[in-house]
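A closer look at the structure
Letter by letter, the chains look like this.
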Amino acid sequence: MPTVELRFSAQPEHVRTARLVAAAVARRAGVDETVLDEVRLAVGEACSRAVGLHRSHDITAPVTVVLIEEEKAFSIEVGDAVPGPGSGTPLSGRGGAVGGPGSETDADSEDEMGLAVISGLVDDVEVRSVPDGGVIRMSWPATPVVAAP
């Protein structure tokens, strides 16, 4: 199970690099060519969301992207370091809301929109929060590429 891990400072200009690396590794893992644009867009959205969360919470820790090549699947985990309420909790509403229940800030709206876009692009997506950050895990089917003799 080969794995590639990227870590980058929360700067928007690094998101493009993450998209390009994700597409290259997905191609090598055997993800269908017709799906590569969706991989790029989903990774770009997840990374942009993580960068936005880091910047809005003044977090200097890097954004992490883990690309996992499995036997019949290719997965990408994009992690942020914004503390969450606990293990397994949905990430929605972590955009920095101030106020009581039901109050929604612009950051919350952007957070929800980003998650909606990712869910529209990826059939197999898991979004969770842990005490030291959040993770969006996206998976696509893959057919391992066999090298010709």
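Residues numbered from 1 in each chain as written. Predicted model: local features only at pLDDT ≥ 70, side-chain atom pairs only at ≥ 80, totals over all residues. Heavy atoms only, no water.

Comments concerning the confidence of the model for the protein
Summarising the model, the protein shows a mean pLDDT of 84, and 79% of its residues fall at 70 or more. Considering only residues more than four positions removed or in separate chains, one finds that residues 91-104, a stretch of pLDDT under 50, has 42 contacts. (pLDDT = per-residue confidence, 0-100. Contact = heavy atoms within 4.5 Å.)

Quick look at the packing of helix α1 (residues 15-29) against helix α2 (residues 36-56)
One way to put it is that α1 packs onto α2 with a least axis distance of 9 Å and a crossing angle of 145°. Our pair here, α1 against α2, has a crossing hand that is right-handed. Contacts between α1 and α2 involve V15, A18, R19, A22, A23, A26 and R27 on the former and, on the latter, L36, V39, R40, V43, G44, C47, S48 and V51. Considering only residue class, the contact of α1 with α2 consists of 10 nonpolar, two polar and three charged. (Axes fitted to C-alpha atoms, helices over the stretch in contact; angles between N-to-C directions. Helix = DSSP H or I, 4+ residues; strand = E, 2+ residues; numbered from the N terminus. Left-handed = near helix turned anticlockwise from the far one by under 90°. Nonpolar A, V, L, I, M, F, W, Y, C, P; charged D, E, K, R; others polar.)

Examining the nonpolar core
In this structure, V31, V39, F74, I76, V78, M138 and W140 are the most contacted members of the largest nonpolar core, which totals 33 residues. Put simply, the parts of the chain that give this core at least two residues each are β1 (3-8), α1, α2, β2 (63-69), β3 (73-80), α3 (106-121) and β5 (133-141). Not counting chain neighbours up to four residues away, the residues in contact with V78 comprise A46, C47, A50, V63, T64, V65, G134, V135, I136 and M138. (Core = buried A, V, L, I, M, F, W, Y, C linked by side-chain atoms within 4.5 Å. Buried < 20%, exposed > 50% of the residue type's maximum accessible area, 1.4 Å probe, protein only.)

A word on the side chain of E69
Mapped onto the elements of the fold, E69 is located in strand β2. A distance of 3.1 Å separates polar atoms of two side chains, one belonging to E69 and the other to R28. (Polar contact = N/O pair within 3.5 Å; in protein donor to acceptor, adjacent residues only side chain to side chain.)

Digging into unusual backbone geometry
Unusually for a residue other than glycine, D58 sits at a positive phi of about 50°. For D58, the location among the structural elements is in the loop between α2 and β2.

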